[in-house]
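Here is what each chain is made of, one letter per residue.
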Amino acid sequence: MSTTVSAYRHVGQGLPRLDGDEKVRGLAAYADDIPVPDGWYGHVVRSPVSRGRLKKLVFDPAFDWSRVCVVTPADIPGENIVDMIGRDMPFLAHDWIQYKGEPLALIAAPTRALAREAGSFVRAEIEEHPPLLTLRDMIAEYKRDPSALHQLAAQTISKGSVEQGFAAADLVVEGEYWAGHQEQLYIEPQGMVAFPEPDGGVFIQGSLQCPYYIAPELIVTLNLPLEKIRVKQTAVGGAFGGKEEFPTLIAGYCALLALKCRKPVKIIYDRHQDILYTTKRHPVWVRHRTGLTRDGAITAMQVDFVLDGGAYTTLSPVVMYRGILHTTLGYKCPHVFVDGHVYRTNTFPNGAFRGFGAPQAIWALESHIDRCASALGMTPEGFRLRNALHLGDATATGQVLSEPMGTPDVLEKTLARSDFTRKRARCSRGDPSAKKWYGIGLAFFGHGSGFTGDGESRLKAKAALDLELLDDGAPGVNIRISSTEMGQGTFTIMPQIAADGLGLPMARVRCPHPDTKYVPDSGPTVASRTTMVVGSTVFGAAQKLKTLLETYASETYFGGAPAELVDGRFRNRYTTDTQSFDAVARRLIQERGPQRVYNQFQLPPTIKWDQKTFRGDSYPSYSWGCNVAEVEIDPLTLELKVTKITSVWDIGRLINPVLAKGQIEGGLVQALGYAVMEKIGIKDGLYDASRMQTYVVPTALDVPDMIVEFIEYPYTHGAPGAKGVGEIPMDGLAPAIANAVEAATGHRITDLPITPEKLLASRELQAT
Amino acid sequence: MKNLEESIFLEPATLAEALRFQADEATRGLPLAGGTDLMVQWEAGVRMAPSRVLNLKGLAELHGLSVAGGSLVIGAGVTHAMLRRSPLVRQHAPSLAEAAATVGGAQIQALGTIGGSIGNASPAGDLAPSLLVAHADVEVASVRGARRLALSKFLVGYRKLDLAPDELILRFHVPVLPAGASETWRKLGPRAAQAISKVMGSYRGRVENGHIADFAVALGSVAPTAIRLPQTEAWLRGRALNADTLDGAEQRASAEVTPIADIRSTAEYRRWVSGRLVRGFLEHLASL
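Now for a look at the structure at hand.

What counts and how
- Residues numbered from 1 in each chain as written.
- Chains lettered and ligands numbered in written order.
- Predicted model: local features only at pLDDT ≥ 70, side-chain atom pairs only at ≥ 80, totals over all residues.
- Heavy atoms only, no water.
- Helix = DSSP H or I, 4+ residues; strand = E, 2+ residues; numbered from the N terminus.
- Contact = heavy atoms within 4.5 Å.
- Buried area = accessible area lost by both parts, 1.4 Å probe.
- Salt bridge = Lys/Arg side-chain N within 4 Å of Asp/Glu carboxyl O.
- Polar contact = N/O pair within 3.5 Å; in protein donor to acceptor, adjacent residues only side chain to side chain.
- Buried < 20%, exposed > 50% of the residue type's maximum accessible area, 1.4 Å probe, protein only.
- Phe/Tyr/Trp six-rings, centres within 6.5 Å; stacked < 30°, edge-to-face > 60°.

### Quick word on unusual backbone geometry
Excluding glycine, residues mostly carry a negative phi; peptide bonds, for their part, are mostly trans.
Alright, step 1. Put simply, T407 of chain A and P408 of chain A share a cis peptide bond, and its omega is 0 degrees.
Alright, step 2. Here the bond from A719 of chain A into P720 of chain A is cis, since omega is 0 degrees, no more than 30 degrees from zero.
Alright, step 3. A positive phi angle, near 60 degrees, is found at D38 of chain A, a position not held by glycine.
Alright, step 4. Relative to the helices and strands, D38 of chain A resides in the loop between helix 1 (20-24) and strand 1 (40-46).
Alright, step 5. The backbone phi angle of H135 of chain B is positive, close to 60 degrees, even though this residue is not glycine.
Alright, step 6. Assignment of secondary structure puts H135 of chain B in the loop between helix 8 (128-133) and strand 6 (137-142).

Structure below.
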């Protein structure tokens, strides 16, 4: 791209969110706000057992079934399958049941109460089998005999020879790390409405991240062609990955019912249902073995990375791929072997959640790196500075870092900004005479932007811009992308990018909610890809439309002299003549109708990836971050308070610094919850913390002081040069806190969340 | 599950009318004050909405807050917000004001009442320990008459009170903090605010010439009800306030509680931290 920084008028500005006003005023229409005249409510009848064979569904004749509409597997027009990776999950269980709460039948009724009442008259006859319910049990089995487990996915990464690496080591450091489920706890629970269309199709609206996941995934189930499955995003009250793949299920329930009863059908989960019957972050167990030389070099990294997938495959393989690619990321090491697995437990399938495997990997890695430093008698910062990747170094997959990026710059800057070395000298280390224990800890990490491996080159994200008359009657541009706004700022930064690509003021550019009837497939709103991948595709489309407009203005107004569109006016490059965008675009639309331009994302041809061997360029680019966490622990009660976080980030060019900082700060709070309080176990096959009363997330009073700073190393293969920001703030806070807690108490906690209860148990373990 | 929309709401204008509703099983309603516990339980389906609800909100007789005869007299309808702000409560029962300030968030504090909190009979109810260490009485009434008993006798067991079906909680009599005595409150929850307690408690005590003259301590969430620790208290009485005493009290307090494991904490941590809280209270007493 030849565009220079000076060309940006809106990119780089902290403009307020364009969707802020309607949300603050309560005008935004969420899934439950959509008018559904003559609509019915859907209800899901669920399995009461965790594992077994369904023998029979009995519909009690004591209930008048003519008052409701029922869908059983026999009523599914196409295949009874959720068309995701693995194709192992039925929409409605018909033989094996793999988790408690698995859908058995669907019911729609004119009222929610009637639908639920009908559900209570369905009885399932099930031959029960013993379930596998927890990560602990799964790992115990894995250590005994992994072939006894049901494997959902496996992948290795191999570089050099770890045997050689360990042979060259002076010492080997081992460690095991655990983390449990985490709930997304978006403000707005899942909700969807399906309207049957007169042509036999279905129109689905609701709270979702990825319209082009739902539409194609329902083809085989509904037995409808893609063009008859229309999906539109409503306003979304948060998602965090929880509305990535899961909404296909609830959309399918609504669509199956709507097509059968020929009425609009709506399902809105209440909070209790939403926690019990939607996806969580995958629980993880990681084992590190690291070879080190006395002078602080890493000679070998061997990692086992095992995820609890829940009952079915869903996105678990891809989560595991991102996990294993981040499980050694950031450090130079000639010999690497990573063994990744996902196994089944009989619990709700785990799914996408901000970070997508990377937070689990970095939790283990950055805890273990501190252990390595300590085993060598080195400081945590000294060991990291000695081994951090630089420009020109290669990752575990052999990817050579060929564009300047924030490693090790973010590490150096965070250390300086936090005064880490000086403060570390005064950590308490469990001093019995101290009134408060103080600790400071560090974590350094990268996050791959965009899809893993060749995902982006296979998807070829598309964006369209429509030059047309906007709702105010004047010409302007509608951005047509399938990327969604879910609180992160898509509908603000895309107009910023497009306005700069076009040479128009922001007011002439809109980014409406995506509707598959109007937008091409830009891919899902996931994987920290929207700003980098779709943003650069929109920028390219804007430049194409700008050229089209300038050519028309040149021919129509300037007698062939070149025209340039700047700030909403066309300038004749040879004279002082100008024409307004309004006049030129109006005439163009009158003469030729609305104009649409397309653009498609392209990876640079130098990027190569082998999906079989996991060798090559695993991501188009990387964002980098570094957290320093300071903690205070009360020796009386072992209560833990995180008092300060100092962090520096490289997320490429900042499109909107205010929103970028908001993403980082919000993500750090979510990461704080993961680190020190969010806890959800399995009891009788279901989640034990199934309400906001029991699933505890941080309040404003738990949020520490935060210093968030950026250094910009723009993505070099597409303007305006943003990289990913959405997920990286989730990645590296838990290990920074664990490292700080170790410095404060002398105890390392290796199982998230870090609680007073675990600190007490760890002390008692050491005392015996 | 019964829908709350189908419940009958009784709206007595006076206490006498409320007691008459309660006197007869055919007209009796479930007493509702702030509703901050009941509404959640009904919505969650943990508890069925009752056929009749007795709304206590409008009863002026339940709203007083005054000092009389050496006690704070606190009407059952006094809210957490009033408790935390009242200069009388802050002066005469400061740990009760501190406890009220940690109940839920501002909305809950504005609605929830002291009568409701005690009437809910949860071991995690945050107000009970401060009332117990002050030797508070509760006054209840029915058409049969009024009676007054020690709160420690009123809290019978897990979700169980010494309260007849026709009786309502009227008020609490809380002896004021004696001159020279001190008290405080501490709550351990899973987060900094808006949390249900893992363990919490209060003490009220007095030191004379370096020795413990009086010491009452009560903890919540460590037994079926909020409890005093009579053995620890008896052992402490008259002892010098020194390091050995702190160690001994910590041990004895841990041995005196019978906590369970639940979603908020482990039995081991609750047992250990009970002793630690008592140590902290003695340190607080020593620092004055």
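### Examining the interface of chain B and chain A
For an interface, size is often stated in terms of accessible area lost upon the parts coming together.
Alright, step 1. Each partner contributes residues to the interface: chain B has 24 residues there, and chain A has 23 residues.
Alright, step 2. Note on chain B versus chain A: buried area summed over both sides is about 2000 Å², and carbon and sulfur give 58% of it.
Alright, step 3. Summed over the shared surface of chain B and chain A, the number is three salt bridges.
Alright, step 4. Between E757 of chain A and K198 of chain B there is a salt bridge; the shortest N-O distance is 3.2 Å.
Alright, step 5. Counting across the interface, chain B meets chain A through 12 residue pairs in polar contact (both at pLDDT 80 or more).
Alright, step 6. For the side of chain B that touches chain A, the secondary-structure elements that each account for two or more residues are strand 11 (181-188) and helix 12 (267-286) of chain B.

### Considerations on the environment of E102 of chain A
Residue and element names in this part refer to chain A.
Alright, step 1. By the element assignment, E102 lies in the loop between strand 4 (96-97) and strand 5 (103-109).
Alright, step 2. Look at E102 and you get buried, because its relative accessible area is 1%.
Alright, step 3. Taking C-alpha positions, E102 is 45 Å from A743, a pair spaced 641 residues apart along the chain.
Alright, step 4. Ignoring anything within four residues of it in the chain, the contact list for E102 reads V45, R46, S47, P90, A93, W96, I97 and Y312.
Alright, step 5. In terms of polar contacts, E102 uses its side chain to reach the backbone amide nitrogen of Q98, at 2.7 Å.

### Points about the packing of aromatic side chains
All names here are of chain A.
Alright, step 1. The tally for this structure, following the rule as stated, stands at 23 aromatic pairs over all chains.
Alright, step 2. Relative to W65, the ring of F59 lies with its centre 5.1 Å away and its plane at 80 degrees, an arrangement referred to as edge-to-face.
Alright, step 3. For F59, a relative accessible area of 26% gives the class partly exposed.
Alright, step 4. Ring geometry for F63 versus W65: centroids 4.9 Å apart, planes at 65 degrees, classification edge-to-face.
Alright, step 5. Among the residues examined, F63 registers a relative accessible area of 5% and is labelled buried.
Alright, step 6. An aromatic cluster is built from Y99, F246, Y269, Y312 and F348, whose rings are joined through pairwise contacts.

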